[in-house]
Amino acid sequence: MTNLFDEIKKNITDKQIRIVLPEGTDERILQAAIKLHNEGIVTPILVGSHDLVKVAATQAGIDLTGIEVIDPVHFEKLDELIEKFVERRNGKSSPEQARIQLKDVNSFGTMLVYTGYAHGLVSGAAHTTAETVRPALQIIKTKPGVSKTSGAFIMVRGDERYIFADCAITIAPTSEDLAEIAVESAKTAKAFGIEPKVAMLSFSTKGSAVSPETQKVVEATKLAQEKAPSVIIDGEFQFDAAFVPAVAKKKAPGSSIQGDANVFVFPSLEAGNIGYKLTERLGGFEAIGPILQGLNMPVNDLSRGCSSDDVYKLVLMTAAQSVMAGE
């Protein structure tokens, strides 16, 4: 883990990345903000009532000197945010409705990212995934050519690093969805120092079984290859054929992936969620994420059971996504 985050820090140093933390009254957020501020690599921006944030910090014994705290109700550029929100919503929200919605810290923080005041957002310590993701989809939206966001985990054990997706968002992906997930997962891999070799997983390898489920993956593989011809993407694979060279040699001798895949696209959310938890609990890997993919600007979701270290790490990863998007 140290090596991964040392690399991330090296890549984001001197980039002046600003990350919004909307849950400014949460002790874990405050602890992570202090650590980030003291390191000086990423600038944290806390959102919340100045009085309530101050009380929370005092109770936690934290000195917030030098850290920016923005109160959504009294922000000097609030009228500008309201105007841009109404414009972004294409008339679906009136100025009055916008003013009410921007009292929500996640919506407000997302607008700070959308308007360029910050480069990314990390939330979810005290909010559900829906409460974090919904404003991102309404305001930041997905990139051109991407219809849905998806959730990837970086699985780390020692020097081993793999990307698992989608393990968090899309319950029953179509072929088109899986192709998007594959391409976006390859980009995530590159952002974190992994040269992607993407395996499209199934219970079949290269036609060893034929069913609507396997054909969906076959079609997804073709679509992904068309979307990203410069990326190594192949399937359909059983996991062992994608990961074990001896099995690949027997089951997929002509494939561009010979047991050396490092990005794994699961055919459904249940498979992905089960797969990453098995790898974490039985394989001794650390699962970092989920990292939300496909958005125009990075927004990431914490677990409500997260630690301050989890917050710190996800902020660094969000900053790395921002740097990658700008290159």
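Quick look at the sheet that holds strand β2 (residues 42–47) now. Strands belonging to one sheet form pairs held by backbone hydrogen bonds; the direction of such a pair is parallel or antiparallel. Spatially, five strands are ordered β3-β2-β1-β4-β11 in an open sheet, and the strand pairing comes out parallel. For this open sheet the edge positions go to β3 (68–70) and β11 (299–301), each flanked by a neighbour on one side alone. When strand polarity is set aside, the average angle formed by the axes of neighbouring strands in this sheet is 25°. Where β2 lies against β3, three bridges are found, and the strand directions are parallel. Bridge pairing in β3 links Leu46 to Val69. The strands touched by helix α6 (residues 105–114) are β1 (17–21), β2, β3 and β4 (120–123); relative to β4, the strand with the most contacts, the crossing angle is about 160°.

Turning next to helix α9 (residues 212–227). Helix length check: α9 (16 residues) gives 22 Å between terminal C-alpha atoms against 22 Å at 1.5 Å per residue, within 8%. Turning to α9, its buried residues are Thr214, Val217, Ala220, Thr221, Leu223 and Ala224. Elements that come into contact with the buried residues of α9 comprise α8 (175–191), β7 (197–201) and β8 (232–237).

Pairing is mixed in the open sheet, where six strands are placed in the order β8-β7-β9-β6-β5-β10. Taken across any chain shown, the strands that pair with only one partner, and hence form the sheet edges, are β8 and β10 (286–293). Strand-to-strand twist in this sheet, taken as the mean axis angle between neighbours without regard to direction, amounts to 20°. Looking at chain direction, strand β5 (residues 150–157) and strand β6 (residues 160–165) are connected through six bridges and run antiparallel. Opposite Arg157, over in β6, you have Glu160 as the bridge partner. Sheet strands in contact with α9 are β7 and β8, and its direction is about 175° off that of β8.

Conventions we followed
Residues numbered from 1 in each chain as written. Predicted model: local features only at pLDDT ≥ 70, side-chain atom pairs only at ≥ 80, totals over all residues. Heavy atoms only, no water. Pairing = 2+ DSSP bridges. Helix = DSSP H or I, 4+ residues; strand = E, 2+ residues; numbered from the N terminus. Axes fitted to C-alpha atoms, helices over the stretch in contact; angles between N-to-C directions. Contact = heavy atoms within 4.5 Å. Expected span 1.5 Å × (residues − 1). Buried < 20%, exposed > 50% of the residue type's maximum accessible area, 1.4 Å probe, protein only.

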